Amino acid sequence: MRPRLSYANVMATIAVFIALGGASYAALKLPKNSVGAKQLKKGAVTAAKIKNETVTASKVKKGTLTGAQINTSTLGTVPSAVHATAADQATSAAQAAQATTAANGASRINFVSPGGDPPPSYGDAPAAHEIFNRDGMSLRASCISEEPGVVRLYVSMGSADEANFLSTAQRFINPGKETQMSGTSLHPGVSWGWDDLTGGNRFEIGELIYRNSTHTISVLFRAAAETFDGCEFVGTATSAG
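(A) Quick peek at the state of the cysteines. In the structure shown here, the tally under the stated rule is one disulfide. Paired through a disulfide, Cys-143 and Cys-231 show a sulfur-sulfur distance of 2.1 Å. Taking the torsion about the sulfur-sulfur bond, which here is approximately 75°, the covalent link between Cys-143 and Cys-231 counts as right-handed. Of the two residues, Cys-143 is situated in strand β3 (residues 137-147) and Cys-231 in strand β10 (residues 230-240); the sequence distance between them amounts to 88 residues. Overall, Cys-231 belongs to the buried group, its relative accessible area being 1%.

(B) Here's a closer look at the sheet that holds strand β6 (residues 177-186). Here we have six strands laid out as an open sheet, ordered β1-β10-β9-β8-β5-β6, and antiparallel in their pairing. Each end of this open sheet is capped by a strand with a single partner; those strands are β1 (107-113) and β6. When strand polarity is set aside, the average angle formed by the axes of neighbouring strands in this sheet is 15°. With 10 bridges joining them, strand β5 (residues 163-172) and β6 adopt antiparallel strand pairing.

(C) Quick look at the pairing of β3. With five bridges joining them, strand β2 (residues 129-134) and β3 adopt antiparallel strand pairing. Note on β3: the bridge partner recorded for Asn-133 is Ser-138. Sheet analysis places β3 next to strand β4 (residues 150-159), joined by 10 bridges and oriented antiparallel. Residue Glu-147 lies in a different strand from β4, and its bridge partner there is Val-150. Following β3, the chain reverses through two residues before pairing antiparallel with β4; Gly-149 in that reversal takes a positive phi of roughly 80°.

What counts and how
Residues numbered from 1 in each chain as written. Predicted model: local features only at pLDDT ≥ 70, side-chain atom pairs only at ≥ 80, totals over all residues. Heavy atoms only, no water. Disulfide = S-S within 2.5 Å. Helix = DSSP H or I, 4+ residues; strand = E, 2+ residues; numbered from the N terminus. Buried < 20%, exposed > 50% of the residue type's maximum accessible area, 1.4 Å probe, protein only. Pairing = 2+ DSSP bridges. Axes fitted to C-alpha atoms, helices over the stretch in contact; angles between N-to-C directions.

Set out below in structure tokens:
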């Protein structure tokens, strides 16, 4: 018995071809906005599939990027860090200003020696060691071994400018004491033998005032030339402009 084509069979066959053709068409060309999140296979979107410079900040979830994902060396200084740096610099400047004020306001003089320096070659020759130099005024000191057990403290003064000085001290001469006063004009480059104290447990305490055209310097001091202990000139100098 030969099969016969009926109208129903023909229409069913045509419908199958139409359906297959539509599926092929759909596979070749998808309508706009037809692919959603459900149609994407997990892991299907990779870095290679994303065009460079297409992901913007608005697409990144807040708080998801940390330092591990960011090359911090490429970042500039954030505003708060700029303010912090400025604060640090201000603190350093303040500390430097305090140090400068302290240096200008008070300087320590500390000369201690057992002896051994040569005596001055002439009356107002400069002493061997510079022990103070500020704002035009300089002090030098030598500790000279006069004889066994006897030392001599010699202090000279110099000035870089035209100036004058006045000094008053109480010298203890064991036993008793006496007042020592000195003062003169100072000329640039000229040394002045200001103090000369020979041992035998002798020392003095006093104040030296130096003045030039721009500064006044006050030195509170203790000078000593003591048997077997050597020489000492210690004190504090303050300078005011």
